[in-house]
Amino acid sequence: MGDVPAVIMRWLHIASVATLVGGFFFGSLAAATAGAALETAIARFRPWLLTAMAALILSGAYNVITMPGHTTTYRIVLAIKLLLVAHVFAAGILAVRPNNPRRARQMTGAFISGLLIILISAYLRRIF
């Protein structure tokens, strides 16, 4: 029974990452074409972005707190990952602003950083 919260938090973390990275992938492709349809799609993505960010903070904090015994290497790589997370959050918040002329660049940057975060997460999972 003790594994249920850990499984739920892990699922929440992975689902939130998939939502963000998938949204940024779509946004980076679609942002090249400006128009009302794009603005509507971005407006619909904004609440999903904010919800996914909140879920990532909650589930990520839970995951770090409940996993004891981190090595120095783990903490250093985790710090790098968290800096990339800050970039993804900042670029995401800026990218979903209405009529943003830099949206394509911000979405692409957030998407690439998101992929790097997934790579680092796989490495952290392996060394832990």
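Preceding this paragraph is the structure being described.
Keep in mind it's a predicted model, so treat the numbers as computed, not measured.

Student: Would you mind going over a nonpolar patch on the surface with me for this structure?
Tutor: The grouping of Ile112, Leu116 and Leu119 at the surface amounts to a nonpolar patch, some 280 Å² of accessible area in total. Mapped onto the secondary structure, leucine 116 falls in helix H4 (residues 103-127). Take leucine 116: its relative accessible area is 39%, and that puts it in the partly exposed class.

Student: Just to check I follow, could you spell out the nonpolar core for this structure?
Tutor: Across soluble globular proteins, nonpolar side chains have a tendency to be buried as a group. Counting 26 residues, the largest nonpolar core has Leu20, Phe24, Leu49, Phe89, Val96, Met107 and Leu124 as the members making the most contacts within it. Those elements that place two or more of their residues in this core are helix H1 (3-30), helix H2 (36-66), helix H3 (72-95) and H4. The biggest single contributor to this core is H3, with eight residues. Not counting chain neighbours up to four residues away, the residues in contact with methionine 107 comprise Gly23, Phe24, Gly27, Ser28, Ile42, Ala95 and Val96.

Student: Whenever I open this one, the pattern of salt bridges confuses me. Can you help?
Tutor: Two side chains that carry opposite charge are able to pair once their charged atoms sit near each other. For the structure on display, the rule yields one salt bridge. Between arginine 103 and glutamate 39 there is a salt bridge; the shortest N-O distance is 2.8 Å. On the criterion of sequence distance, the pair formed by arginine 103 in helix H4 and glutamate 39 in helix H2 is long-range, its members being 64 residues apart.

Student: I would appreciate a short explanation of the environment of leucine 94 in the present structure.
Tutor: Structurally, the position occupied by leucine 94 is in helix H3. Overall, leucine 94 belongs to the partly exposed group, its relative accessible area being 37%. Along the sequence, leucine 94 and leucine 58 sit 36 residues apart, while their C-alpha atoms lie 22 Å from each other.

Student: How should unusual backbone geometry be read in this particular structure?
Tutor: Leaving glycine out, the prevailing phi sign among residues is negative, and the prevailing peptide bond configuration is trans. In this structure, asparagine 99 is a non-glycine residue whose phi angle is positive, near 50°. In this structure, asparagine 99 sits in the loop between H3 and H4. A relative accessible area of 62% means that asparagine 99 is categorised as exposed.

Student: Is there a simple way to explain the packing of H1 against H2 in this structure?
Tutor: Each pair of packed helices can be summarised by the angle the axes make with each other and by the distance between the axes. Viewed as axis vectors pointing N to C, H1 and H2 meet at an angle of 150°, and their least axial separation amounts to 8 Å. As far as their axial angle goes, H2 and H1 are roughly antiparallel. Of the two possible hands of crossing, H1 and H2 adopt the one that is left-handed. Split by residue class, the contact of H1 with H2 holds 20 nonpolar, seven polar and no charged.

Student: For this particular structure, what's the right way to read the packing of H2 against H3?
Tutor: Look at H2 against H3: their axes get within 10 Å of each other, and the N-to-C directions meet at 160°. Classified by the interaxial angle, the pair formed by H2 and H3 is roughly antiparallel. Once H2 is placed against H3, the crossing between them reads as left-handed. Residues Ile42, Leu49, Met53, Leu56, Ile57 and Val64 of H2 pack against Leu78, Phe89, Gly92, Ile93 and Ala95 of H3. Classifying every residue of the contact of H2 with H3 gives ten nonpolar, one polar and no charged.

Basis of the calculations
- Residues numbered from 1 in each chain as written.
- Predicted model: local features only at pLDDT ≥ 70, side-chain atom pairs only at ≥ 80, totals over all residues.
- Heavy atoms only, no water.
- Patch = residues over 30% accessible without salt bridge, like charges linked within 9 Å, V, L, I, M, F, W, Y side chains within 5 Å.
- Areas by Shrake-Rupley, 256 points an atom, 1.4 Å probe, with all protein chains shown as cover.
- Salt bridge = Lys/Arg side-chain N within 4 Å of Asp/Glu carboxyl O.
- Helix = DSSP H or I, 4+ residues; strand = E, 2+ residues; numbered from the N terminus.
- Buried < 20%, exposed > 50% of the residue type's maximum accessible area, 1.4 Å probe, protein only.
- Core = buried A, V, L, I, M, F, W, Y, C linked by side-chain atoms within 4.5 Å.
- Contact = heavy atoms within 4.5 Å.
- Axes fitted to C-alpha atoms, helices over the stretch in contact; angles between N-to-C directions.
- Parallel < 35°, antiparallel > 145°, perpendicular 65-115°, else oblique.
- Left-handed = near helix turned anticlockwise from the far one by under 90°.
- Nonpolar A, V, L, I, M, F, W, Y, C, P; charged D, E, K, R; others polar.

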